[in-house]
Amino acid sequence: METFKEKLQQLKLLLPGAREQNLSVSLRLSNGEVEKALNIYLEQRERHDKSPFESKQSKLESFIKEKQADNKDIEKNDNNPSSNKRKIEGLTEKTVNKDSKKSLNLQEALRWPSKTNEPTVEKRIRSQTLRLYRPEDISVRTPCTLINNVLPKELANSLLRIMLKESDTFKRNQGFLFGQLSTTPHTSQYYVSNEMKVESSNARHFPPEMEQAKIIIMNVINEKRKERKIYEYEEQGDWNPNIAATNCYADSKECVNWHSDKLTHLGPLPIIGSLSLGVTRQFRLRRFGNDSLNITKPSSPSTIYSIPLVHNSLIIMWPPCQELWKHEVCPQNSIDQHPIAGSKRINITFRQFRDEYGNEMTPICNHGELCMLKPVFNGRNVGRYFYTCNAGGPEGKCDFFEWLNIDKKKKDFEERLRILENKRNPDK
Ligand SMILES: O=C(O)CCC(=O)C(=O)O
Ligand SMILES: [Fe+2]
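Notes on the structure in this doc start here. (Residues numbered from 1 in each chain as written. Chains lettered and ligands numbered in written order. Predicted model: local features only at pLDDT ≥ 70, side-chain atom pairs only at ≥ 80, totals over all residues. Heavy atoms only, no water.)

Some thoughts on the coordination of the iron ion (ligand 2)
Working reference: metal with six octahedral donors, ideal angles 90 or 180 degrees; metal with four tetrahedral donors, ideal angle 109.5 degrees.
Okay, so step 1: In the first shell of the iron ion (ligand 2), the protein supplies His259 (NE2), Asp261 (OD) and His327 (NE2), at 2.1 Å from the metal.
Okay, so step 2: Mapping the donors of the iron ion (ligand 2) onto the primary sequence gives the spacing H-x1-D-x65-H. One end of the pair, Asp261, is in the loop between strand E8 (256–259) and strand E9 (272–278); the other, His327, is in strand E13 (residues 325–329), with 66 residues separating them in the sequence.
Okay, so step 3: The exposure class of Asp261 is buried, given its relative accessible area of 8%. (Donors = N, O, S within 2.8 Å, 3.2 Å for Na, K, Ca; no water. Helix = DSSP H or I, 4+ residues; strand = E, 2+ residues; numbered from the N terminus. Buried < 20%, exposed > 50% of the residue type's maximum accessible area, 1.4 Å probe, protein only.)

Structure (structure tokens):
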């Protein structure tokens, strides 16, 4: 387990020009999670950069209000005897309380973010949002490929109509964000292709139009993939999407926040084919990991690339997009109405569920729950993966940790298949 100091060091490597004090506050607010701390830091900085004309005073007031709200939540948790206190390695509870109050300090608020200590180059790059329209630019700058008009027009329109109807029964997912229960700002639904068994009562089978779309998209992606490097640990065979996470954004304010897609059941280095239907929305990408594989043009972690995804477009997220980048669909002030969908957008993300990463092959944490698979995105272990506790609630994570051994997993899975086969055909 890394100490608070080591995590701070990781953050410093990621954001070389940033003030240590700001990174330290971000790390405390993130409950000691480097990835969340990076987001908190970048969001604060972005917010700051977006409003250069606001007076220092009003910026300061809103910053303090936010911090006060955050700290109230921290205090509420810490005062609640039934909830496990927030744990940050290397800090006692007392220090956490004392230090989180310290973030109300006026001096510190004024110093967020530091203008003077950061190098000019980073300062110039950091506020950059680059809009990318041309597929050539998208391929050079990001680990994605954009294909417009991917489906025959009639198929795209009929799939949109079907999904609009289906979306009436899509649900808002609930999850934990910084220990607080929160609801996703859009609705979604899982689908599985027809050759798969529906194991979860929450999943539905692909409607026939989705199956047709899947085949076209699968062929397009496998064709494009022939021109690309295939990493040692990605699925070596053809890409064969068998599940689809679908989203509905009812209006311009519905969104999905910065995230990378979970690898637990997809395995390392997945390919994700994301089809957009209905209203055009901005899909934004930001690198946050160390691109040691050098597949995209070097960019600052805070450079945001914004890509308009029009009706019937496919964005392919190639590996290592989920390992080293984050993506979001941000809220917008206005959108152009779509003739069929009005203000709605439907998104279908085709993915390949890999059996060797199924539930039976996933370790169980100390809580007795299935673990989640996470990549190391920086430092000397970049390129490795580990299993960790998936709990996000107020009870906190347990300290389960296990490196993923990809070769061993493959062997274990083959062994498991052999045993199952022997049980089915004992005479063989
Ligand atoms: O709506 C989109 O384009 C992205 C959706 C997404 O990122 C997801 O479902 O994981
Ligand atoms: Fe995603």
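A few points about the side chain of Arg354
Okay, so step 1: With respect to the helices and strands, the residue Arg354 is situated in the loop between strand E14 (345–351) and strand E15 (372–375).
Okay, so step 2: Taking relative accessible area as the criterion, Arg354 reaches 10% and is therefore assigned buried.
Okay, so step 3: Within polar-contact distance, the side chain of Arg354 engages the side chain of Glu235 at 3.2 Å.
Okay, so step 4: Beyond its immediate sequence surroundings of up to four residues, Arg354 is in contact with Tyr233, Glu234, Glu235, His265, Leu266, Gly267 and Pro268. (Polar contact = N/O pair within 3.5 Å; in protein donor to acceptor, adjacent residues only side chain to side chain. Contact = heavy atoms within 4.5 Å.)

Some details on the site of ligand 1
Okay, so step 1: Inspection of the region around ligand 1 gives Asn247, Tyr249, His259, Asp261, Phe283, His327, Val329, Arg345, Asn347 and Arg351 as its neighbouring residues.
Okay, so step 2: Take Asp261: an N or O atom from its side chain is 3.1 Å from an oxygen atom of ligand 1.
Okay, so step 3: Here an oxygen atom of ligand 1 sits 3.3 Å away from a polar atom, N or O, in the side chain of Asn347.
Okay, so step 4: Contact with the protein chains covers 93% of the free accessible surface of ligand 1, which is 290 Å².
Okay, so step 5: At the level of secondary structure, the elements contributing two or more residues to the shell around ligand 1 comprise strand E7 (243–249), E13 and E14.
Okay, so step 6: Element by element, the count of residues in the shell around ligand 1 is highest for E14, at three residues. (Near = heavy atom within 4 Å. Areas by Shrake-Rupley, 256 points an atom, 1.4 Å probe, with all protein chains shown as cover.)

Quick notes on the packing of aromatic side chains
Okay, so step 1: For the structure shown, the criterion picks out six aromatic pairs.
Okay, so step 2: Their ring planes at 35° and their centres at 6.1 Å tell us that Tyr305 and Trp325 sit as a pair that is tilted. Of this pair, Tyr305 sits in strand E11 (residues 304–309) while Trp325 is found in strand E13, placing the two residues 20 residues apart along the sequence. For the pair Tyr305 and Trp325, one class covers both residues: buried.
Okay, so step 3: Here the aromatic rings of Phe386 and Trp403 are separated by 6.2 Å at their centres, their planes lie at 85°, and the arrangement is edge-to-face. Within this pair, whereas Phe386 is found in strand E16 (residues 385–388), its partner Trp403 is found in strand E17 (residues 401–403), the two being separated by 17 residues in sequence.
Okay, so step 4: Within the aromatic cluster, the residues linked to one another by ring pairs are Phe386, Phe401 and Trp403.
Okay, so step 5: Sitting over the face of the ring of Trp258, Arg286 holds its NZ or CZ atom 4.5 Å from the ring centroid. (Phe/Tyr/Trp six-rings, centres within 6.5 Å; stacked < 30°, edge-to-face > 60°. Lys NZ or Arg CZ within 6 Å of the ring centre and 35° of its normal.)

Remember that the coordinates give geometry; whether it matters functionally is a separate question.
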